[in-house]
Amino acid sequence: MECIVRDVSPTDLSYISELERNIFGSDAYSIHYLYYLYNSCIFFKVALVEDSLVGYIAAKAENNKLHLITIAVASKYRRRGIGGCLLKLLIDFGRFGGFNSIFLEVSVNRPYAIRFYRKYGFKVVGYIRHYYSDGSDALIMELPLK
Ligand SMILES: CC(C)(COP(=O)(O)OP(=O)(O)OC[C@H]1O[C@@H](n2cnc3c(N)ncnc32)[C@H](O)[C@@H]1OP(=O)(O)O)[C@@H](O)C(=O)NCCC(=O)NCCS
C-alpha cells in the first residue's frame with residue numbers, strides 16, 4: 001500500500017472536518033477552527049492512499065517547542081504505519097528546525113494513542129483534570145529533541 005504525504009490545502013479541510021467528527025465526536029475541531037489551524041500551524045500535512053485523504057497531522061510553533069494539535073488516521077487504515085510516518089516527519093521537522101521539544105495533550109481514555117506516542121519516545125510530563133468536554137482528563141506528553 002503506497003501512502004503519499006503532502007502539505008494540506010484548503011480543499012482538504014471539509015474532509016478533515018468529517019474525519020474529526022467521526023473520530024473525536026464532541027471534541028472534534030469545527031471547520032472554522034480547521035481554517036484557523038490552516039493559517040496558524042507551522043506543520044500541517046495530509047496522508048493519501050490512492051488519492052483518498054486517510055490521515056492528517058497539525059502542529060503549531062510555541063516558544064521554541066512544537067505543539068502537536070491533532071493527528072488522526074481513518075479507522076480502516078490504522079496499524080499500517082501511516083500515523084507513525086506522519087509523526088516521524090514532524091519529529092524530523094522539529095529536529096531540523098532547531099525546536100527544543102514536541103508536546104501534546106492526550107486523553108487518559110485513549111491508551112492506544114498513549115502507546116503510540118510512547119513508541120516514538122514521548123514521556124508523560126503533566127496532567128490536566130477535566131480537559132475534554134466529557135470531563136475526562138488529559139496527559140501532557142513531551143519528546144525532547146535536543
Ligand atoms: C493514534 C493513531 C494516529 C495511530 O495511527 P496508526 O496509523 O494506526 O499508527 P501506526 O500504524 O503508525 O502505529 C505505530 C505504533 O503505535 C502503537 N499503536 C497504534 N495503534 C495502536 C493500538 N490500537 N493498540 C496498540 N498499539 C497501537 C503500536 O506500537 C504501533 O506499532 P505496531 O503496529 O508496530 O505495533 C490512530 O490510532 C488514530 O487516528 N487514532 C484516533 C485519533 C487519536 O486518538 N489521535 C491521537 C489523539 S491525541
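Look up: the structure comes first, before these words.
Residues numbered from 1 in each chain as written. Predicted model: local features only at pLDDT ≥ 70, side-chain atom pairs only at ≥ 80, totals over all residues. Heavy atoms only, no water.

(A) Layout of the pattern of salt bridges. Considering all chains together, one arrives at four salt bridges under this definition. As a salt-bridge pair, Asp12 and Arg6 come within 2.8 Å of each other at their nearest N and O atoms. Judged by relative accessible area, which is 31%, Arg6 ranks as partly exposed. A salt bridge links Arg129 to Asp137; its shortest N-O distance comes to 3.9 Å. (Salt bridge = Lys/Arg side-chain N within 4 Å of Asp/Glu carboxyl O. Buried < 20%, exposed > 50% of the residue type's maximum accessible area, 1.4 Å probe, protein only.)

(B) Representation of the packing of aromatic side chains within the structure. Under the criterion given, the structure shown has eight aromatic pairs. Taken together, a centroid distance of 5.1 Å and an interplanar angle of 50° make the contact between Phe43 and Phe93 tilted. Of the two residues, Phe43 is situated in strand 2 (residues 43–49) and Phe93 in helix 3 (residues 82–96); the sequence distance between them amounts to 50 residues. Owing to a relative accessible area of 4%, Phe43 belongs among the buried residues under this scheme. With 4.9 Å between their ring centres and 85° between their planes, Tyr131 and Tyr132 make a pair best called edge-to-face. By way of ring pairs, the aromatic residues Phe116, Tyr117, Tyr120 and Phe122 are connected into one cluster. Between Lys65 and the ring centre of Phe103, over which it is positioned, the NZ or CZ distance is 5.9 Å. (Phe/Tyr/Trp six-rings, centres within 6.5 Å; stacked < 30°, edge-to-face > 60°. Helix = DSSP H or I, 4+ residues; strand = E, 2+ residues; numbered from the N terminus. Lys NZ or Arg CZ within 6 Å of the ring centre and 35° of its normal.)

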